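# Summary of the model geometry
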Amino acid sequence: MMLFSCKNEMKNIIKMSEIQKMPELSGREVYMTQTEFGEKTLSVYAPQVLKYSQENSLYSSPRTLFPEGIRVVHFGIYPDTLTMIRADYAILYDNEEKWEAKNNVVAKNSKGEVLRTEYLTWDQKTGKIFSD
């Protein structure tokens with residue numbers, strides 16, 4: 001007669017649950033550029049970026065977090081700036097192409113108009129910015 005036994009140590013279970021909460025991608029001092037037809041349309045700078053996929057996190061949909069703030073510049077014909085947005089915290093909802101900016105949000109347009117708020121939503125598909 002042979003008996004086998006498995007033992008789960010609590011520290012190993014905790015480690016596995018922590019791995020599931022880890023971002024798929026993380027970076028420091030990140031500069032990103034988006035182009036369309038070879039023309040620069042968007043420039044993004046963030047001190048920290050954390051990207052989560054739906055499969056390995058607690059979030060219901062894929063998203064990219066910018067917990068230490070963000071600066072986004074949207075160009076017409078580079079280097080002519082159409083809009084600039086900066087915030088102390090931001091989230092990009094990847095599937096919807098929608099951004100949320102929170103805390104000390106400043107948005108400027110090419111006319112020189114400035115919006116200062118604590119919360120802002122930007123729909124990247126339509127190019128519209130919303131705030132309460």
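Residues numbered from 1 in each chain as written. Predicted model: local features only at pLDDT ≥ 70, side-chain atom pairs only at ≥ 80, totals over all residues. Heavy atoms only, no water.

## Brief notes about the pattern of salt bridges
Where we set the bar: In what follows, salt bridge is the name for a side-chain nitrogen of Lys or Arg lying within 4 Å of a carboxyl oxygen of Asp or Glu. By definition, any uninterrupted DSSP run of H or I lasting at least four residues is a helix, any uninterrupted run of E lasting at least two residues is a strand, and each is numbered from the N terminus. Whether a residue is buried, partly exposed or exposed follows from its accessible area with a 1.4 Å probe, protein chains only, as a fraction of its type maximum: under 20%, in between, or over 50%, in that order.
Inspection of every chain in the model, using the stated rule, returns 3 salt bridges. Note that Asp94 and Lys51 form a salt bridge whose closest N and O atoms lie 2.7 Å from each other. You can see Asp94 sitting in the loop between strand E6 (89–93) and strand E7 (98–109) and its partner Lys51 sitting in strand E2 (residues 39–52), a full 43 residues away along the chain. Given a relative accessible area of 27%, Lys51 falls into the partly exposed group. For Glu100, the salt bridge identified is with Lys102, shortest N-O distance 3.7 Å. A relative accessible area of 16% means that Glu100 is categorised as buried.

## Looking at the side chain of Arg63
Threshold: When charges are tallied, Lys and Arg are placed among the positive residues and Asp and Glu among the negative ones, while His and the ends of the chain are skipped. Here a polar contact means two N or O atoms within 3.5 Å. Within protein one must be a hydrogen donor candidate and the other an acceptor candidate, and residues neighboring in sequence count only if both atoms are side-chain atoms. Contact definition: two residues touch when any of their heavy atoms are within 4.5 Å.
Take Arg63: it is sitting in strand E3 (residues 63–66). The side chain of Arg63 is buried and forms no salt bridge, while Glu96, the nearest opposite charge, is found at 6.8 Å. Among the polar contacts listed, one links the side chain of Arg63 to the backbone oxygen of Ser61, at a separation of 3.2 Å. Contacts of Arg63, omitting those with residues within four sequence positions, involve Leu50, Lys51, Tyr52, Ile91, Leu92, Tyr93 and Asp94.

## Observations regarding unusual backbone geometry
Its identity is not glycine, yet Glu97 carries a phi of approximately 55°, on the positive side. Positionally, Glu97 belongs in the loop between E6 and E7. By relative accessible area, which is 34% here, Glu97 ends up partly exposed. One non-glycine residue with positive phi stands out, namely Asn104, at about 55°. With respect to the helices, strands and loops of the structure, Asn104 is situated in strand E7. The class of Asn104 is partly exposed, set by a relative accessible area of 43%.

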